[in-house]
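Below are the chains, spelled out letter by letter.
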Amino acid sequence: MLRNKQGLLLVATALVLGGCGGMPKNAEEFRQFSLERARVVGWMPGLVPKETFEVERPFRDVSSTLQKKADECLKVAIKWTVTNSYGNTRSGVDTFKPTFIAGPNKAELHVQLKRSAVIEVGAPPDGSYRVVLDATPLAAKRTRIEMYAMSIDDKLVRQTLRGWAQGTNLGCPDLAKR
């Protein structure tokens, strides 16, 4: 049964991407892609279209933390090398690119990933979108967070952004372990 769902996911993803002319080119397309993928496929293990939660922190503080920590922690290039059981070695560089956009009523943090060892047809020049976080003020000391993710593989980035938004964990993630 899992195999059939994986096949369905592949077909549904191809149809959704085909309708958009390829991979999402910007954050808004990524949001729509995430929601549409979940609508077409339904619930599946590993599919995380959108998380919504609220934090007990002023919007200005959340926005400031996200901007500071994204610059400090997510502008990274990770060199990697793996050797398989046959002795064949592959290497590459995974480059993360955060983009922070702030306004008086909304802050956005987009995280893109460009992999030198992978050809992503139709991806934006800075890599495919992996996570998009939107923060909006609700009250003087309360902020709403909406987070869209590509897959369960982005759990570390999602957990990190959640900690930053909550103000409970301000550390940098070890993206080499993602």
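In this text the structure is predicted, and so the values were computed from the model without any measurement. (Residues numbered from 1 in each chain as written. Predicted model: local features only at pLDDT ≥ 70, side-chain atom pairs only at ≥ 80, totals over all residues. Heavy atoms only, no water.)

K.L.:
Whenever I open this one, the environment of Met 23 confuses me. Can you help?
P.N.:
Tracing the backbone shows Met 23 in the loop between helix H1 (2–20) and helix H2 (27–41). Each C-alpha atom of the pair Met 23 and Tyr 129 lies 8.8 Å from the other, and the pair is 106 residues apart in sequence. (Helix = DSSP H or I, 4+ residues; strand = E, 2+ residues; numbered from the N terminus.)

K.L.:
What should I look at first to understand the packing of aromatic side chains in this one?
P.N.:
Pairs of aromatic rings are described using the distance from one ring centre to the other and the angle between the two planes. Under the criterion given, the structure shown has one aromatic pair. For Arg 162, the ring lying beneath its charged end belongs to Phe 53, and the centroid distance is 3.8 Å. (Phe/Tyr/Trp six-rings, centres within 6.5 Å; stacked < 30°, edge-to-face > 60°. Lys NZ or Arg CZ within 6 Å of the ring centre and 35° of its normal.)

K.L.:
Help me out: how do you make sense of the state of the cysteines in this one?
P.N.:
Between two cysteines, a covalent bond joining their sulfur atoms is known as a disulfide. With the rule as written, the count across this model stands at one disulfide. Each sulfur in the disulfide pair Cys 73 and Cys 172 lies 1.8 Å from the other. Disulfide Cys 73-Cys 172: the torsion about the S-S bond is -55°, which places it as left-handed. Of this pair, Cys 73 sits in helix H3 (residues 59–73) while Cys 172 sits in the segment after helix H4 (155–166), and the two are 99 residues apart along the sequence. (Disulfide = S-S within 2.5 Å.)

K.L.:
Looking at this structure, how should I read the environment of Leu 113?
P.N.:
By the element assignment, Leu 113 lies in strand E4 (residues 107–115). Leu 113 gets classed as buried once you look at its relative accessible area, which sits at 1%. The spatial distance from the C-alpha of Leu 113 to the C-alpha of Arg 130 is 6.6 Å, given a sequence separation of 17 residues. (Buried < 20%, exposed > 50% of the residue type's maximum accessible area, 1.4 Å probe, protein only.)

K.L.:
Would you explain the packing of H3 against H4 in this entry?
P.N.:
Between two packed helices, the angle of one axis relative to the other and the distance separating the axes together describe the packing. Interhelical geometry of H3 versus H4 gives an angle of 140° and a closest axis separation of 8 Å. By the angle class used here, H3 and H4 are oblique. In this structure, H3 meets H4 at a crossing whose hand is right-handed. In this structure, H3 uses Val 62, Thr 65, Leu 66, Lys 69, Ala 70 and Cys 73 to contact H4, whose residues at the interface are Leu 161, Trp 164 and Ala 165. Of the residues assigned to the contact of H3 with H4, the class counts are seven nonpolar, one polar and one charged. (Axes fitted to C-alpha atoms, helices over the stretch in contact; angles between N-to-C directions. Parallel < 35°, antiparallel > 145°, perpendicular 65-115°, else oblique. Left-handed = near helix turned anticlockwise from the far one by under 90°. Contact = heavy atoms within 4.5 Å. Nonpolar A, V, L, I, M, F, W, Y, C, P; charged D, E, K, R; others polar.)

K.L.:
What am I meant to see in H4 here?
P.N.:
Count 3.6 residues to each turn of an α-helix, and residues three or four apart come out pointing the same way. Counted at 1.5 Å a residue, the expected span for H4 with its twelve residues is 16 Å, and the 16 Å between its end C-alpha atoms agrees. Within the sequence span of H4, burial applies to Val 157, Arg 158, Thr 160, Leu 161, Gly 163, Trp 164 and Ala 165. Residues of H4 that are buried sit in contact with strand E1 (50–55), H3, E4, strand E5 (128–139) and strand E6 (142–149). Gly 167 sits one or two positions beyond H4 and adopts a positive phi of about 80°. (Expected span 1.5 Å × (residues − 1).)

K.L.:
Would you take a moment to explain the sheet that holds E5 for this structure?
P.N.:
The strand order E1-E6-E5-E4-E3-E2 describes an open sheet built from six strands, whose pairing is antiparallel. Of all strands in the sheet, those bounded by a partner on one side alone are E1 and strand E2 (77–83). When the angles between neighbouring strand axes are averaged without regard to direction, this sheet yields 15°. In terms of strand pairing, E1 meets E6 through six bridges, oriented antiparallel. Counterpart to Glu 51 in the pairing with E6 is Met 147. Those strands touched by H2 are E1, E4, E5 and E6, and its axis lies near 95° from that of E5. (Pairing = 2+ DSSP bridges.)

K.L.:
What's the story with the nonpolar core in this structure? I'm lost.
P.N.:
In globular proteins that are soluble, nonpolar side chains generally tend to be buried together. In terms of nonpolar packing, the biggest core is built from 25 residues, with Leu 74, Leu 109, Leu 133, Ile 145 and Leu 161 touching the most fellow members. Secondary-structure elements contributing two or more residues to this core are E1, H3, E4, E5, E6 and H4. Considering each element in turn, this core owes the most residues, five residues, to H3. In this structure, Tyr 129, Val 132, Tyr 148 and Met 150 belong to the second largest nonpolar core, which totals seven residues. (Core = buried A, V, L, I, M, F, W, Y, C linked by side-chain atoms within 4.5 Å.)

K.L.:
How should I be thinking about the pairing of E6 in this particular structure?
P.N.:
Sheet faces and side chains relate simply in a regular strand, where the side chains alternate between the two faces. Most of E6 is tucked away, with six of its eight residues classed as buried. Across eight bridges, E5 lies against E6 in antiparallel orientation. Note on E6: the bridge partner recorded for Leu 133 is Met 147. Counting the residues between successive antiparallel strands, the hairpin from E5 to E6 contains two residues.

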